[in-house]
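Coordinate inspection notes
Residues per chain, in single letters:
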Amino acid sequence: MKKIIGIYLLLQAVMKGVCLFLSLRSDESFLPVIVLITCVVLIAGALYVAAMTFTEKARLRQISRFFVLEIALTVFNIVFMFFRPVEMLPTDSWVTGNLFDVLVAGVILVYLTRQKYYIRAKYVSNATQPDKRETIPAGHKARPTV
């Protein structure tokens, strides 16, 4: 699943980058500087987390933190643009973000937090012979351990 998240983040960073470039090149776009800065932060973060997932060095906590940051910055952009409305191009909605971005990031965040609860165990045997306290005599039922 991390590879799919990495591909999603890479595609999102490319789309935001292209739309940011188009917004900066256009004479009709009047986006505030703070919105452009948050877009650049999201692009850099998405590229970083995507690179970490492809090199398999990303942890669930890092990916989760990015999606929390994405939700926070997208909500900030939406609220900021509500109080300071400007005429926007269709590509400017990719730069500012929308509620769909918040929804997708929230769903991925819920998935990542649920995945954290699964138990992963690695059994390492250092002893050459089994401990007598750990062996179960024949005919006895083993007690479940927590």
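Look up a bit, the structure's there.
Residues numbered from 1 in each chain as written. Predicted model: local features only at pLDDT ≥ 70, side-chain atom pairs only at ≥ 80, totals over all residues. Heavy atoms only, no water.

**Let's talk about helix H2 (residues 33–54)**
Which entries qualify depends on this criterion: Under the DSSP-based scheme used, a helix requires at least four consecutive residues in state H or I and a strand at least two consecutive residues in state E, with every element numbered from the N terminus. Here, expected helix span is obtained from the residue count minus one, scaled by 1.5 Å. Exposure classes here rest on a 1.4 Å probe applied to the protein chains alone. A residue is buried below 20% of its type maximum, exposed above 50%, and partly exposed in between.
For H2, spanning 22 residues, the distance from its first C-alpha to its last is 32 Å, which sits close to the expected 32 Å at 1.5 Å a residue. Looking only at H2, the buried set comprises Val-35, Leu-36, Thr-38, Cys-39, Leu-42, Ile-43, Gly-45, Ala-46, Val-49, Ala-50, Met-52 and Thr-53. Just downstream of H2 lies Glu-56, where phi reads positive at about 60°.

**Considerations on the nonpolar core**
Defined as follows: Residues belong to one nonpolar core when they are buried, are Ala, Val, Leu, Ile, Met, Phe, Trp, Tyr or Cys, and are joined through side-chain atoms within 4.5 Å. It only takes one pair of heavy atoms within 4.5 Å for two residues to be counted as in contact.
Grouped together as the largest cluster of nonpolar side chains are 28 residues, with contacts concentrated most on Ile-5, Leu-9, Ile-63, Phe-66, Phe-67, Val-95 and Leu-112. Elements with a contribution of two residues or more to this core: helix H1 (2–25), H2, helix H3 (60–83) and helix H5 (99–115). Among the elements that take part in this core, H2 stands out by supplying nine residues, more than any other. In this structure Phe-66 touches Leu-9, Leu-42, Gly-45, Ala-46 and Val-49, once residues within four positions along its chain are discounted.

**Focus on the packing of H1 against H3**
Just so we agree on the cut-off: For every element, the axis is a line fit to its C-alpha atoms; helices are fit only across the contacting stretch, and the angle between N-to-C directions ranges from 0 to 180 degrees. If you view the pair so one helix is near and one far, a crossing is left-handed when the near helix is turned anticlockwise from the far one by less than a right angle, and right-handed when it is turned clockwise. Lys, Arg, Asp and Glu make up the charged group, whereas Ala, Val, Leu, Ile, Met, Phe, Trp, Tyr, Cys and Pro make up the nonpolar group; the residues left over, Gly among them, are polar.
Orientation of H1 relative to H3, taken along the N-to-C sense of each, is 35°, at an axis distance of 12 Å. Seen along the crossing, H1 lies across H3 with a hand that is left-handed. On H3, the residues touching Lys-2, Ile-5, Tyr-8, Leu-9 and Gln-12 of H1 are Leu-60, Ile-63, Phe-66, Phe-67 and Glu-70. Of the residues assigned to the contact of H1 with H3, the class counts are seven nonpolar, one polar and two charged.

**Some thoughts on the packing of H2 against H3**
Two quantities define a packed helix pair, namely the angle between the helix axes and the distance between the axes. The condition is simple: The labels follow the angle: roughly parallel below 35 degrees, roughly antiparallel above 145, roughly perpendicular from 65 to 115, and oblique for the rest.
At a closest axis distance of 10 Å, the pairing of H2 and H3 adopts a crossing angle of 165°. The angle between the axes of H2 and H3 places the two elements in the roughly antiparallel class. Viewed along their axes, H2 and H3 form a crossing whose handedness is left-handed. Residue-level contacts link Ile-34, Val-35, Thr-38, Val-41, Leu-42, Gly-45, Ala-46, Val-49, Met-52 and Thr-53 of H2 to Gln-62, Ile-63, Phe-66, Leu-69, Glu-70, Leu-73, Thr-74, Phe-76, Asn-77, Phe-80 and Met-81 of H3. For the contact of H2 with H3, the class distribution of residues is 14 nonpolar, six polar and one charged.

**Here's the deal with the side chain of Asp-92**
This is how the line gets drawn: Two residue types count as positive, namely Lys and Arg, and two as negative, namely Asp and Glu; His and chain ends fall outside the count. Here a salt bridge means any side-chain nitrogen of Lys or Arg lying within 4 Å of a carboxyl oxygen belonging to Asp or Glu.
Locating Asp-92 in the fold gives a position in helix H4 (residues 92–96). Despite its burial, Asp-92 pairs with no opposite charge; the closest candidate is Lys-16, at 11 Å N-O.

**Thoughts on a nonpolar patch on the surface**
Stated formally: Nonpolar side chains (Val, Leu, Ile, Met, Phe, Trp, Tyr) within 5 Å and like charges within 9 Å form the patches, drawn only from residues with over 30% relative accessible area and no salt bridge. Computed by Shrake-Rupley with a 1.4 Å probe, the accessible areas treat only the displayed protein chains as cover when residues are assessed.
Together, Ile-7, Leu-10, Leu-11, Val-14, Val-18, Phe-21, Leu-22, Leu-47 and Phe-54 make up a nonpolar patch on the protein surface, roughly 800 Å² of accessible area in all. Elements supplying a minimum of two residues to the nonpolar patch: H1 and H2. It is H1 that contributes the most residues to the nonpolar patch, seven residues altogether. You can call Leu-47 partly exposed: its relative accessible area is 40%.

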